[in-house]
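# Structural overview
One letter stands for each residue in the lines below.
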Amino acid sequence: MSTENLPQSPEQPSRKPRVAVVFGGRSSEHGISVVTAGAVLKAIDRTKYDVLPIGITQDGRWALTADEPERMAIIDRRQPSVDLLAESAEGGVILPVDPANREVVYSEPGSVPKALGEVDVVFPVLHGPYGEDGTLQGLLELSGVPYVGSGVLASAVGQDKEYMKRVFTSFGLKVGPYLVIRPREWQQDESAARKKIVDFAGEHGWPLFVKPARAGSSIGITKVDDLSGLDEAIAEAQRHDPKILVEAALRGREIECGVLEFEDGPRASAPAEIPSPEAHAYYDFEAKYIDSTPGIVPAPLTPQETAEVQRLAVDAFEAASCEGLVRADFFLTEDGEFVINEINTMPGFTPISMYPQMWQASGVSYPELVDRLVQAALRRSTGLR
């Protein structure tokens, strides 16, 4: 029988993709993550996406938060927090653990759980451990929910500066001299571990940079000019991570380059230069986020230097099996060689952060950048790929 003249069912309107912006977290970079989330919430196209803000408190509770980006800013040098944004002091958001079900549920003690609807993609703007290091990515893989940014392995490699450097070296990228002190070494023989650092200084000279091996945003880093400041620097780094990294100072210019995943693969942005901040010993947390020391975008490099750092940034992205986005940080030494310092798989993403600024200079606005990242995540599946 012909169906030509039968009444047709009206087409159901397609649902907009739902993006859960997850932010905050248990690391020392909690406040900067909240600031980043505010910028993303403000920029994301609400005509194209439904948005669900989910904050993780510093003690690990997943909270439903107000969709109020204006409250997610640094004010009077004070960082925002999820606890101040949470709609309840006790309620919790629960992600699905069944890949066949993407519905998020909100639960409060003594109340019937409330379904918040399905989530199509997660935008995890967390920095540091318990968010940027592969832990959250593993949870999302188990849940079968696509997400912005790198997968479990690349996130873990990007967070642990020791293994990041080992991966880069194996792919032929040049890194500076470094030393790792693991917690067991320090616990078993503190004097021997300390002597390793002193011997390293004897070989490479002062100053040294002592830093947590698995932290970001320049938190816990100390520039040590001589032996008298070493113990305090070690204690500060260990306050954030029991595993510490010691790096020799490299003389040269600090150059950064962004990498973004396009439909045809990763591309590099115009690079930026970070000038030495006048009020700080180096480009530390205060200089980055509180005093907003401006970078130079694009960096005053020769065309050959620009092409080289862009090539190396993409090489670093590929070496660590990254996805979505990366900010790659280099030193351009006095002999004209680029030495890679580190990558960030979820770099600072506030409007004043270098990653968005580099892409702005490359013709990609902040809202377009957010959209491209969400679209790249929606194109990918979870699981092995």
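What you see is a predicted model; the values in this text were computed from it and never measured.

About the criteria used
- Residues numbered from 1 in each chain as written.
- Predicted model: local features only at pLDDT ≥ 70, side-chain atom pairs only at ≥ 80, totals over all residues.
- Heavy atoms only, no water.
- Helix = DSSP H or I, 4+ residues; strand = E, 2+ residues; numbered from the N terminus.
- Expected span 1.5 Å × (residues − 1).
- Buried < 20%, exposed > 50% of the residue type's maximum accessible area, 1.4 Å probe, protein only.
- Salt bridge = Lys/Arg side-chain N within 4 Å of Asp/Glu carboxyl O.
- Pairing = 2+ DSSP bridges.
- Axes fitted to C-alpha atoms, helices over the stretch in contact; angles between N-to-C directions.
- Contact = heavy atoms within 4.5 Å.
- Phe/Tyr/Trp six-rings, centres within 6.5 Å; stacked < 30°, edge-to-face > 60°.
- Lys NZ or Arg CZ within 6 Å of the ring centre and 35° of its normal.

### Observations concerning unusual backbone geometry
- Here W206 and P207 are connected by a cis peptide whose omega angle stands at 0°.
- Note that the residue after V297, namely P298, is joined by a cis bond; omega there is -5°.
- Among the structural elements, P298 can be located in the loop between α9 (285-290) and α10 (303-319).
- A positive phi angle, close to 65°, is found at R77, a residue other than glycine.
- Inspection of the secondary structure assignment puts R77 in the loop between β3 (62-64) and α2 (82-85).
- For Y130, which is not glycine, the phi torsion reads 65° and is therefore positive.
- Its place among the elements puts Y130 in the loop between β7 (121-124) and α3 (135-143).

### Section: helix α12 (residues 366-379)
- With 14 residues, α12 ought to run about 20 Å at 1.5 Å a step, and its terminal C-alpha atoms sit 20 Å apart, in line with that.
- Among all positions in α12, only Y366, L369, V370, D371, L373, V374, A376 and A377 are buried.

### Concerning the pattern of salt bridges
- Summed over all chains, the structure comprises 30 salt bridges.
- E256 is the partner of R327 in a salt bridge, and the nearest nitrogen-oxygen pair spans 3.6 Å. Linking R327 in strand β15 (residues 325-333) with E256 in strand β12 (residues 252-262), this pair joins segments that are 71 residues apart in sequence. For the residue pair R327 and E256, the accessibility class agrees, reading buried in each case.
- Salt bridges sharing partners connect three or more residues here, namely E141, E261, E323, R380 and R385.

### With respect to the sheet that holds β3
- One open sheet accounts for four strands, arranged β3-β2-β1-β7; its pairing is mixed. Every other strand in the sheet has two partners, leaving β3 and β7 as the edge strands with one partner each. Across the sheet, the axes of successive neighbouring strands diverge by a mean angle of 30°, strand direction being ignored.
- Two elements, strand β1 (residues 18-24) and strand β2 (residues 50-56), share seven bridges in a ladder whose sense is parallel. Following the sheet pairing, V21 is matched in β2 by P53.
- Along the sheet, α12 contacts β1 and β7; its crossing angle with β7, the most-contacted strand, is approximately 130°.

### Here's the deal with the side chain of S143
- Considering the arrangement of structural elements, one finds S143 in helix α3.
- Given the relative accessible area of 1%, S143 is considered buried.
- When sequence neighbours within four positions are dropped, the list of residues in contact with S143 reads P96, V97, D98 and P99.

### Thoughts on the packing of aromatic side chains
- Here the structure, examined in full by the defined rule, presents five aromatic pairs.
- With a centroid separation of 5.9 Å and an interplanar angle of 50°, the aromatic rings of F262 and W359 are classed as tilted. Of the two residues, F262 is situated in strand β12 and W359 in helix α11 (residues 354-361); the sequence distance between them amounts to 97 residues. Here F262 and W359 have matching classes, each one buried.
- Seen from the ring of Y178, K165 lies directly overhead, with NZ or CZ sitting 5.6 Å from the centre.
- Over the face of the ring belonging to F262 we find R267, whose NZ or CZ atom lies 4.0 Å from the ring centre.

Any functional reading would require information that these geometric values do not contain.
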